[in-house]
Amino acid sequence: MVESSKTEKDKFIPIARPDLPDMGDIKEDIETILKSGMITNYEFVRRFEKKIAEFLNVKYAACVSSGTSALMLAAKALDLKGEVIVPSFTFSATAHALVWCGLKPIFVDAERDTFNIDIEKVKEAITPRTSAIVPVHVFGNPCKIDELEKLSKENNLKLLFDSAHAFGTSFNGKKVGGFGDAEIFSLTPTKVLTAAEGGVVTTNNRETYEQVVLDREYGKQPNYDCKTIGISARMGEFNAILGIHNLAKLDENIKRRKKLYDFYKSELEDVKGISFQKINSSAHCSIKDFAIIIDKNLFGIDRDELAEALTEEKIGWRKYFYPPLHRETAYGNMNNRGDALPNTNFISDNILNLPFFTALKTNDIVRICNVIKKLQH
Ligand SMILES: Cc1ncc(COP(=O)(O)O)c(C=O)c1O
């Protein structure tokens, strides 16, 4: 076979690439399940759950089919009702999952610098109908978790963290996973820890855990007499094998991501008109994404023009999250606080996510940043 003779310059740099184990490392485990014929409900999901609970130092971890089903199952297990306060600057699934559970998401604004939910705005949005707060650790950067815990206790609200982006992140020296009433993670290919597809609900509360475990399998008891109206949201054994092997390398991968992140920032920090997400100073962030905010007046061109120029140079990008939830078609009728979200609108209209993944090379970062620097005028 003739190898492609593409030069470095011609090589497309994708926005993301999953971390995957070597075939040699997973072969034995794959053979085990193929020989057993047990491709679901066998031993690897249970093993993965145990390893996750140990890694996050949380009592219970329940693996499920996706981050979205994790949110639905957690919302049900926590018996959320009525209104739930969520950021508008998040991925659609945060609110979609709540709506599927018959809840009404109340969108609040983000902090301009951290991109996370603004606690003062959460306070203003609390009504007698509010049952919970569902904050999101955007791109792995943890929210002000201590303040959110205090606020939810004072107001007798449930606190469910959408930690889809934040596996491996710590806050005040404690891993995200055991805060609030429950947390959820997503394990899709763009996440710091991936199992190809999948999600996890973590909690220190036994009842919440048992409810999730019951509901992820139709609410079925061994005698087929369903105790609750559950859904089908199991994780498969193949996914758990991928997850187990990726988890073994996670600390190493996070170290590399931190180095790449620092390198990116050092390459771009002197470029006028470009700024970055502020990482919480009490955090050790596992860094899911690398995002920049473009100030057209200082940089010379706007976010969309920069994205177009990157495409011409074969560099991937993503406008993430754009549009914000309160401006999505699906939420058109629920645009209840649309005008009150100036920071969300600003971030969403000016953000651009650049290629970021563990296997990214520093010379790729130099190439990306050189393109950006040349465009500044
Ligand atoms: C913040 C957030 N919450 C929830 C989800 C849903 O996770 P999944 O795609 O695994 O259903 C995602 C997915 O990327 C996400 O970004």
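Note: the structure precedes this text.
The rules behind each value
- Residues numbered from 1 in each chain as written.
- Predicted model: local features only at pLDDT ≥ 70, side-chain atom pairs only at ≥ 80, totals over all residues.
- Heavy atoms only, no water.
- Helix = DSSP H or I, 4+ residues; strand = E, 2+ residues; numbered from the N terminus.
- Buried < 20%, exposed > 50% of the residue type's maximum accessible area, 1.4 Å probe, protein only.
- Core = buried A, V, L, I, M, F, W, Y, C linked by side-chain atoms within 4.5 Å.
- Contact = heavy atoms within 4.5 Å.

S.K.: Can you tell me about unusual backbone geometry, naming the residues and giving the values?
M.R.: A negative phi angle characterises most non-glycine residues, just as the trans form characterises most peptide bonds. Cis geometry marks the peptide bond from Y320 to F321, where omega comes out at 10°. Within the fold, F321 resides in the loop between α11 (303–312) and α12 (342–350). For the bond running from Y322 to P323, omega is -5°, close enough to zero to count as cis. Mapped onto the elements of the fold, P323 is located in the loop between α11 and α12. Non-glycine residue N41 carries a positive phi angle of around 55°. As for its placement among the helices and strands, N41 is situated in the loop between α1 (23–36) and α2 (43–56). Residue classification places N41 among the partly exposed positions, given a relative accessible area of 35%. The phi dihedral of F115 falls on the positive side, at around 70°, and the residue is not glycine. Along the chain, F115 turns up in the loop between β3 (104–108) and α5 (119–125).

S.K.: Account for the nonpolar core, naming residues and giving values.
M.R.: Among the nonpolar cores identified, the biggest contains 46 residues, and F48, I52, L148, F167, L247 and L250 are the most heavily contacted of them. In terms of residue count, α2 provides more of this core than any other element does, seven residues in total. In this view, F167 contacts I52, F55, L56, F185, V192, L193, L247, L250, I254 and S286; residues no more than four positions away in its chain are not counted. Within the second largest apolar cluster, 30 residues are counted, among which are A62, V84, L160 and I184.

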